[in-house]
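This is what each chain is made of:
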Amino acid sequence: MGILDSLVVGVIASLVASATFFGLLLGMRPKVAVSGKISRLERDGTPGEFSYRFKLVNQTRRPMVDVQIRVYRDKSRKVPNSTIPIRVLKNLEVKSGQGGVIPGKRNGDQEARHARRIRLVGDLASLWPNDQEASILLRVTCRDGITGAFRQVEQRFLMHDCIVDGSFGFGDSLDVNPVRRLPATSPPQGQ
C-alpha cells in the first residue's frame, strides 16, 4: 500500500506543480491596451489630406518582443451556392517604426517608450469607404521579453464614428485630443 500511496501523491504533486506553472505563465503574458479610436490629422502642407493613427500601450514592466502589428480591412463576400458569406481580410500597410520591441513601462520615463502610435500608410477614407460592408481590424501579436509567453490582441473598428480628428495624448492616454489651430498671424508692420 505504501508504493501506491507515494505514486498517488507524486501524481497529485506534479499536477499541482504543472497547474501552478501554467497559471504563472498566463499571468506573465504581455498586457497590451489598444485605443478604440483612430486619430485623424491633416498633413502639414497638404490641405485636405489626412494621416490616420492607432495607439497601443505596453502595460507591463517587462518588454514586449517579436511585436507584429497588422491592420486589415475585413469585408464580407458572397460565395456561390452558399447562404453564408465569407470574411476576406485585406492587409493595409502601416508604418510603426519600432522594430519589433516595445520597452516595458517605467516610472519617470519622460519619453513614454512603452506607448506607440502606429500610422496607416494611405488614405483610410478610400481604403474603407463603406462601414456597412466592411470594418477595420487591428491585430497585435507579441511575446513577453522574459518568459516568452505569447499574446494576441485584436481591436475591431466597426463604424466611421471611431475616427476622431486630433492627436493621441502622451503616455498611457488612449484618448484623442482635438488639435488646436493657432490663429493666423499677420506679418509685422514696418516702422
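This structure is a prediction, so every number in the text was calculated from the model and none was measured.

**Student:** If you had to explain the nonpolar core to someone new, which residues and values would you point to?
**Tutor:** When a protein is soluble and globular, its nonpolar side chains tend to lie buried together. Membership of the largest hydrophobic core comes to 25 residues, with the highest contact counts inside it found for Phe 54, Leu 56, Leu 120, Ile 136, Leu 138 and Phe 157. Of all elements in the fold, only strand 1 (32-34), strand 3 (50-58), strand 4 (64-77), strand 7 (115-120), helix 2 (124-127), strand 8 (134-144) and strand 9 (150-157) reach the threshold of two or more residues within this core. Here the element with the most residues in this core is strand 8; it accounts for 5 residues. Excluding residues that lie within four positions of it along the chain, Phe 54 makes contacts with Ile 38, Val 71, Arg 116, Arg 117, Ile 118, Leu 120, Ile 136, Leu 138, Phe 157 and Phe 168.

**Student:** I'd like to hear about the sheet that holds strand 8, residue by residue, with values.
**Tutor:** Spatially, the 4 strands line up as an open sheet ordered 5-4-8-9, and their pairing is antiparallel. With partners counted over all chains shown, the strands left at the sheet margins are strand 5 (86-92) and strand 9, one partner each. Taking each pair of neighbouring strands and ignoring which way they run, the sheet shows an average axis angle of 30°. Where strand 4 lies against strand 8, 10 bridges are found, and the strand directions are antiparallel. The partner of Val 65 across the bridge, within strand 8, is Arg 143.

Cut-offs and rules
- Residues numbered from 1 in each chain as written.
- Predicted model: local features only at pLDDT ≥ 70, side-chain atom pairs only at ≥ 80, totals over all residues.
- Heavy atoms only, no water.
- Core = buried A, V, L, I, M, F, W, Y, C linked by side-chain atoms within 4.5 Å.
- Buried < 20%, exposed > 50% of the residue type's maximum accessible area, 1.4 Å probe, protein only.
- Helix = DSSP H or I, 4+ residues; strand = E, 2+ residues; numbered from the N terminus.
- Contact = heavy atoms within 4.5 Å.
- Pairing = 2+ DSSP bridges.
- Axes fitted to C-alpha atoms, helices over the stretch in contact; angles between N-to-C directions.

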